[in-house]
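# Observations on the three-dimensional arrangement
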Amino acid sequence: MNKTGVIFFPAFDWSLGELHPEREERLLYTQEQIFEEGIMDLPQIKQFSPSVADIGNVLRTQAIFPGPKNHSLDAHLIAVGSSLVLGNALMNQEITNGFAMVRPPGHHAGATVWGNRGFCTLNTEAILINYLRATYGIKRIAVVDTDVHHGDGTQDIFYHDPNVLFISLHQDGRTLYPGTGFVEEKGGPNAWDSVLNIPLLPGTGDEGILYALENWIMPRVEAFKPDMIINSAGQDNHFTDPLASMNVTARGYGKITERIKPDLAVLEGGYSIEGALPYINMAILLALSGEDYSGVIEPQRPKDKALHGDAVISYLNDLRRKQEKVAPSWNYRNDSFLPEGKWVYNEKSIYYDTDGFNEHRKDYIRQCSHCGGTVLIFSQKPSAFQKGVLIRIPFDACPQCEQAGYDLAENLIKSENMIMMQNQLKNKVHMWHNGEEVSPFGFKN
Amino acid sequence: MGSLIGIDVGGTYTDAVRISDGFIDKKGKIPTDQEDILSTIIAALDYLQIADSPEIDYITVSTTLVTNAILQKTLPEVRMILFPGSGMKLTALPWPVSYTTLAGEMDYRGRIVTEPDPAEWQLLAEEIKRLATKPLLAIVSKFSHRNSFFEEKLAAFLESEVPGIRMALGSRYGHTNFYRRSLTTYLNLAAEGLFVRFADDLHQALASRGCLAPVRVLKADGGVLPLDKIRPVESVYSGPAASVLGAMAQSSLEKSYVVVDIGGTTTDIGLVLSGSPLISTHGAQIGPFLTNVRSLAVRSLSVGGDSAVIVNEGEIILADHRLGPAYCIGGSVPTPTDAIRYLNLSDYGDYNKAEQGLMTLLPEDKRDKKNARDLAERIVKIMTEKIALAIEQLLEEWKAEPAYKVWEVFHHHADFKLSIQLSGGGAPGIISTLAKRMNMDTVLVEHSEVSNAIGAAMAKPTFSWTLHLDTQFRIYRIEETGEQGCWSGPKKPQRVVEDFLRDLVQSHASSLGINGDDLEKDIFDYFPLVENYHTVGQIIRGAMHVPPGVTGRVKA
Ligand SMILES: [Zn+2]
Ligand SMILES: [Zn+2]
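The residue numbers shown here count from 1 along each chain, following its written sequence. Starting at A for chains and at 1 for ligands, labels are handed out in the order in which the entities are written. Residue-level local features of this predicted model are given only where pLDDT is at least 70; pairs of side-chain atoms are given and counted only at 80 or more, and the full residue set underlies all totals for whole chains, interfaces and linings. Excluding hydrogens and water, the side-chain values take into account all heavy atoms of the structure.

With that out of the way, let us pick up the overall build of chain B. The helix count covers DSSP runs of H or I at least four residues long, the strand count covers runs of E at least two residues long, and both are numbered beginning at the N terminus. Assigned secondary structure in chain B consists of 13 helices and 28 strands. Taken over C-alpha atoms, the radius of gyration comes to 26 Å for chain B, in line with the 24 Å a tight globule of 556 residues would show. Seen through its principal axes, chain B has C-alpha atoms that stretch 85 × 55 × 55 Å. Relative to its 556 residues, chain B shows a buried fraction of 58%. For chain B, restricting intrachain contacts to residue pairs at least 6 apart in sequence, the fraction spanning at least 24 positions comes to 63%. Each accessible area value is a Shrake-Rupley result obtained with a 1.4 Å probe; residue values ignore everything except the protein chains displayed when judging cover. In the structure as shown, chain B presents an accessible area of about 23,000 Å², 52% of it carried by carbon and sulfur atoms. The size measure is the radius of gyration over C-alpha atoms, and the globule rule it meets is 2.2 Å times the number of residues to the 0.38 power. Per-residue accessibility, obtained with a 1.4 Å probe over protein chains only, is compared with the maximum for each type, and a residue is labelled buried under 20%, exposed over 50%, and partly exposed between these values. Any two residues having at least one pair of non-hydrogen atoms within 4.5 Å are treated as being in contact.

Next comes the structure, spelled out in structure tokens:
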């Protein structure tokens, strides 16, 4: 029998605004449903208490610009802290799997953070993953993101990390926020094929997603041989979701959970507060704990015609052929401040929809055949004339890449006034302001 | 001012105390007859000479009557009728009783999803009509705490078909949790007859002694209610609550401490934080029944002064049962009480007999004073360790209490400086070992041996009303009683709603004979209901309580 750990943190006193979809009532009916069912009384369910994450755990994974104090992070830190509680319980073998039913969500928050994107500021799963790697030495982790939106933040954080397989199923980015997540995005030069994006046609439904899981996703996960599987369990694929138009049912979510068998699931989006969330959360919880979820039936029935099996299957097969054919192509740069090595260069602009501004990024990655490679990111918020630099020395960095990270810091201290370094190899975070090393807020080195 | 009488029926002894103007003027212990709780209570009252105390304000009783009947399965049968709707399979949870399910489904806001099936109801009525003895019926529908419609309708239907049939509705226990609500409804209905007879007999016995003082019953949550207003199932496990209140009546206000009450059969452990006893987030569990009966967060450990000590292959074991009283007072099996007597940590019982008893546990060639002393010390240590582990578990549980708001998480478990308030017969025997093991100040309460009875005597009535208001549907409900009504106020009421609840509470309190003046208010939660970017109403949750506590402090 599974022992399933649950943290239910509905953040009843926090919202992004009264008319905002990410509001305090979001998990109210889930609470009504799961408490009324007596699910917490199941002998195999163990409810844990939420906890606040230390900011150091955040900074190991995300650079918060201009600094953590410039953001209101309280609710986000609890969502993260709660998932860490379950991570610890899993590693201590107190539980066999766990579900962090928390808000706010996190999977749109990327490697650099200037504000809130898609209701997310801190990336719960990514912080959790790096915490487990740093604390318990876990090597390989697979993330299956079943939110209807592309998990662009998680992808951004792990794009150059060969030890994290990131798979996102989502409604096609041409029809839905954030407009990314195409098959061409397959990972950086040192982590090629560690990212798999499956943009789905609107209306795909249970059958199509289960087909993709069985024939494409889970074989890919198994081939990767992960030490742990994390599910970004967004619930906006439901047929009642107001933001998207997939056709998934609560029982479909139960089946998805049963196929993925995540070690940990973390709630992401899902904005059909009445029609979907109480039922999907219940189905996921029952599936995780090994209970029969076939009695979970929403009062409404899907009214849109789900795309027919054959159409979905041939679309998926075409997509897969296309995905497999994508070949890598890199731009190289040789700027004067760059240490020795070949540096792949990429530029992008990221829109913060909640606050309405753009971030401009210039990313450099040291090509390396030994490790994930040092990452250098110049990040700008032009509207505020602010700039920040992130240097990341990856887990398992080779000596050359670690040295390159420190060389970068030394070179850039002269010209850049805000630099953050994540030395994931040594589990340290450094910060420099105006040439002086400062203690990262609240972080004990 | 007159006197307060407190009676706590324990597993081995019943504590009795009479308190006048805050001073204890009579106290004592009567052996408990578990087969006849009523006689035990009467004997305790006679011991206190109630006939000579004309001015008694209250007699408060903490009784094991209902707990025993449930655990010994002597309650009458109840037929359980459920409207489970969809969701988790009923079989996922263990049902210690059988049930019949009917069609009809409600959602989490009390909206009807599927109508019930009249043909099913007719069949049910026919079946009951054919039965020679009419069963007791507990009727519970999922989400009936949001809408009692199915339950009320079925009850009315059955009443018209089978007049006079006794029924209980789950919505009268308006807490969430269908499973616990069902079992609570079941137990309460089953215990009602027993409790009514008990109340009648007790009143009669008192009248025969010329005593007309009102009788109150202690509840699991540490509050009291008049004998004829209490719901029988709420009287379960009031013993541990009495321990906690007893310590409160003998400690300074606002302090935080662990209460450890060592009885003959069990040791009760509770927690008081800044002068308020900790309430359990779940309801009480009684044998195999999980209920939503509000109770203090307490642990009852089946270890006490009279636990049998057994030596098994050289290992000393404290059995979780008792075999009669301690050796030193004429029993046949050595117990921790003997060890404590032998170490001169108490003067209860006969020293020589205590020695004799301990010797029986030693191999024949090792029966000397040195070995007996070592053995006694080891027994005290083992008992201390069991109690210490239970304290640690309770503290652990308290720290793991869930929180649902950002504010709660950031203000969770402020650091309390805890001490231990120790009471009960065996208390003096382990005070020093427990203090050392827990590294906490450990204080013996003054009237240690009758602490529970003091707690019962001085307990305050408790009272809690939780409002759930849906201004979109214009319906309000009270969780504790299941009362429902229409809301005619505004869609976004804010403060008006607090006054509304206060008025409801005041009128209900006076009907129970309780003073509702010192109400504590929880922070109200307001959930905006938004449809198509328009606010269409609010769901509001709020509660007012008179929290458990004591009416004063015992004077030295
Ligand atoms: Zn989403
Ligand atoms: Zn390298």
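In terms of helices and strands, chain A carries ten helices and 18 strands. For 445 residues, the compact-globule estimate of 2.2 N^0.38 gives 22 Å, and chain A sits close to it at 21 Å. Dimensions along the principal axes, computed over C-alpha positions, put chain A at roughly 65 × 45 × 40 Å. Considering only intrachain contacts with a sequence separation of at least 6, the fraction spanning at least 24 residues in chain A is 72%. A total accessible area of about 15,200 Å² is found for chain A, and carbon and sulfur atoms account for 48% of it. Looking at charge distribution, chain A has the averaged site of its 39 positive side-chain charges lying 6 Å from that of its 54 negative ones. When charges are counted, neither His nor the chain ends are considered; positive counts come from Lys and Arg and negative counts from Asp and Glu. Every charge is mapped to an atom, namely NZ of Lys, CZ of Arg, CG of Asp or CD of Glu.

So, on to the sheet that holds strand E11 (residues 215-218) of chain B. All names here are of chain B. Across the sheet, which stays open at both edges, the six strands sit in the order E3-E2-E1-E4-E11-E12 with mixed pairing between neighbours. Here the strands that pair on one side only, and so sit at the sheet edges, are strand E3 (23-31) and strand E12 (224-226). Going from strand to strand, the sheet's axes swing by 20° on average, the running direction of each strand aside. As defined by bridge partners, strand E1 (residues 3-9) adjoins strand E2 (residues 13-20) across seven bridges and the pair is classed as antiparallel. Bridging across to E2, Gly6 finds its partner in Val17. Across the sheet, helix H6 (residues 238-249) lies against E1, strand E4 (56-62) and E11, angled at about 95° from E11, the strand it touches most. Two strands are said to pair when DSSP picks up at least two bridges between them. For helices, the axis comes from a line fit to the C-alpha atoms of the stretch in contact; other axes are also lines fit to C-alpha atoms, and the angle between any two N-to-C directions lies between 0 and 180 degrees.

Time to look at the coordination of the zinc ion (ligand 2). In ideal tetrahedral geometry, four donors around a metal make angles of 109.5 degrees, whereas ideal octahedral geometry with six donors gives angles of 90 or 180 degrees. Residue and element names in this part refer to chain A. Listed as protein donors to the zinc ion (ligand 2) are Cys368 (SG), Cys371 (SG), Cys398 (SG) and Cys401 (SG); their distances from the metal cover 2.2 to 2.3 Å. Any N, O or S atom lying within 2.8 Å of the metal counts as a donor, and for Na, K and Ca the limit rises to 3.2 Å; water is left out, so some sites can look incomplete. Think of it this way: with four donors and all angles in the 85 to 135 degree range, the site is tetrahedral; with four or six donors, opposite ones beyond 155 degrees and the rest between 65 and 115, it is square planar or octahedral; otherwise it is irregular. Classification of the site at the zinc ion (ligand 2) rests on its four donor atoms, whose angles at the metal span 98 to 119°, yielding the label tetrahedral. Written as a sequence motif, the donor arrangement for the zinc ion (ligand 2) is C-x2-C-x26-C-x2-C. With Cys368 in the loop between strand E13 (357-366) and strand E14 (375-381) and Cys401 in helix H10 (residues 399-413), the pair connects residues that are 33 residues apart, well separated along the chain. In terms of burial, Cys368 and Cys401 fall into one category: buried.

Before going further, it helps to examine the nonpolar core. In a soluble, globular protein the nonpolar side chains are often hidden away together inside. Buried residues of nine kinds, namely Ala, Val, Leu, Ile, Met, Phe, Trp, Tyr and Cys, make up a nonpolar core once their side-chain atoms join them within 4.5 Å. In this structure, Ile217(A), Ile59(B), Leu154(B), Leu158(B) and Leu202(B) are the most contacted members of the largest nonpolar core, which totals 172 residues. Ranked by residue count, the leading element in this core is helix H5 (residues 178-208) of chain B, at 14 residues. Those residues in contact with Ile217(A) that sit more than four places away from it in its chain are Val144(A), Ile167(A), Leu169(A), Ile198(A) and Ala212(A). Membership of the second largest hydrophobic core comes to 62 residues, among which are Leu59(A), Leu84(A), Leu86(A) and Val102(A).

All names here are of chain A. Pairing is parallel across the open sheet formed by eight strands, whose spatial order is E2-E1-E4-E10-E9-E6-E7-E8. Whereas interior strands pair on both sides, the edge strands pair on one side only; in this sheet they are strand E2 (45-47) and strand E8 (195-200). Sheet twist, expressed as the average angle between the axes of neighbouring strands with direction ignored, equals 15°. In the packing of helix H1 (residues 28-37) onto the sheet, contacts are made with strand E1 (4-9) and strand E4 (97-102), and the angle to E1 comes to roughly 140°.

Residue and element names in this part refer to chain B. With their axes 9 Å apart at the nearest point, helix H9 (residues 369-399) and helix H11 (residues 427-438) run at an angle of 50° to one another. As the angle between them shows, H9 and H11 are arranged oblique. Relative to H11, the crossing made by H9 is right-handed. Residues Val380, Thr384, Glu385, Ile387, Ala388, Leu389, Ile391 and Glu392 of H9 pack against Gly429, Ile430, Thr433, Leu434, Arg437 and Met438 of H11. Considering only residue class, the contact of H9 with H11 consists of eight nonpolar, three polar and three charged. Working rule for angles: under 35 degrees goes down as roughly parallel, over 145 as roughly antiparallel, 65 to 115 as roughly perpendicular, anything else as oblique. Take the far helix as the reference: if the near one is turned anticlockwise from it by less than a right angle, the crossing is left-handed, and if turned clockwise, right-handed. In this classification, the charged set is Asp, Glu, Lys and Arg, the nonpolar set is Ala, Val, Leu, Ile, Met, Phe, Trp, Tyr, Cys and Pro, and all remaining amino acids, among them Gly, are polar.

With that settled, the discussion passes to the coordination of the zinc ion (ligand 1). Protein ligation of the zinc ion (ligand 1) involves Asp147(A) (OD), Asp147(A) (OD), His149(A) (ND1) and Asp236(A) (OD), the donor distances falling in the range 1.9 to 2.7 Å. The site at the zinc ion (ligand 1) holds four donor atoms, and with the angles between them running 53 to 154°, its shape is irregular.

This part is about the interface of chain B and chain A. The parts lose accessible area when they come together, and the size of an interface is often stated as this lost area. Across the boundary between the two partners, chain B contributes 49 residues, which contact 45 residues of chain A. In this description, buried area is defined as the sum, over both parts, of the accessible area (probe of 1.4 Å) that is lost when the two are combined. The largest contributions to the chain B side of the interface with chain A come from Met88(B), Tyr108(B) and Tyr404(B), which together make up 20% of the buried area. One side-chain nitrogen of Lys or Arg within 4 Å of one carboxyl oxygen of Asp or Glu is enough to make a salt bridge. Taken together, the connections running from chain B to chain A amount to eight salt bridges. The salt bridge partner of Glu32(A) is Arg541(B), with a shortest N-O separation of 2.9 Å. Pairs of N or O atoms are called polar contacts if they sit within 3.5 Å, as long as, within protein, a hydrogen donor faces a hydrogen acceptor (for residues adjacent in sequence, only side-chain-to-side-chain pairs). Put simply, chain B and chain A have 25 residue pairs in polar contact (both at pLDDT 80 or more) between them. For the side of chain B that touches chain A, the elements supplying multiple residues, two or more each, are H5, helix H10 (406-410), strand E27 (525-531) and strand E28 (534-546) of chain B.

Next up on the list: the environment of Asn237(A). All names here are of chain A. Inspection of the secondary structure puts Asn237 in the loop between strand E9 (228-233) and helix H7 (250-260). For Asn237, a relative accessible area of 4% gives the class buried. In this structure the side chain of Asn237 is engaged in a polar contact, spanning 2.6 Å, whose partner is the backbone oxygen of Thr146.

Bringing the packing of aromatic side chains into the picture now. Side-chain rings of Phe, Tyr and Trp (the six-membered ring for Trp) are treated as a pair once their centres are within 6.5 Å; stacked means planes under 30 degrees apart, edge-to-face means over 60, and tilted covers the remaining angles. Per the stated rule, a full pass over the model turns up 29 aromatic pairs over all chains. An aromatic cluster is present here, built from Phe83(B), Trp121(B), Phe149(B), Phe150(B) and Phe157(B) joined pairwise through their rings. Note on geometry: a ring has a charge over it if NZ (lysine) or CZ (arginine) is within 6 Å of the ring centre and within 35 degrees of the ring normal. Its end group placed over the ring of Tyr332(A), Lys342(A) keeps NZ or CZ at 4.4 Å from the ring centre. Of note, Lys381(A) hangs over the ring of Phe357(A), and the distance from its end group to the ring centre comes to 4.2 Å.

For Ser49(A), the position within the fold is in the loop between E2 and helix H2 (55-59). The exposure class of Ser49(A) is buried, given its relative accessible area of 11%. A polar contact is formed between the side chain of Ser49(A) and the backbone oxygen of Glu401(B), at a distance of 3.0 Å. In this structure Ser49(A) touches Ile7(A), Val85(A), Lys399(B), Ala400(B), Glu401(B), Pro402(B) and His412(B), once residues within four positions along its chain are discounted.

Our focus in this paragraph is the pattern of salt bridges. Under the definition given, this model contains 50 salt bridges over all chains. Here Lys426(A) makes a salt bridge to Glu402(A), at a shortest N to O gap of 2.9 Å. Linking Lys426(A) in the loop between strand E16 (418-423) and strand E17 (428-433) with Glu402(A) in helix H10, this pair joins segments that are 24 residues apart in sequence. We classify Lys426(A) as partly exposed; its relative accessible area is 47%. According to the relative accessible area criterion, Glu402(A) is buried, its value standing at 15%. A salt bridge links Glu126(B) to Lys129(B), with the shortest nitrogen-to-oxygen separation between them at 3.7 Å. Placement of both Glu126(B) and Lys129(B) in helix H3 (residues 118-130) is noted, with a separation of three residues, approximately one turn of the helix. Overall, Lys129(B) belongs to the partly exposed group, its relative accessible area being 36%. Here the salt bridges do not stand alone but share partners, grouping Glu274(A), Asp107(B), Arg109(B), Arg111(B) and Asp470(B) into one network.

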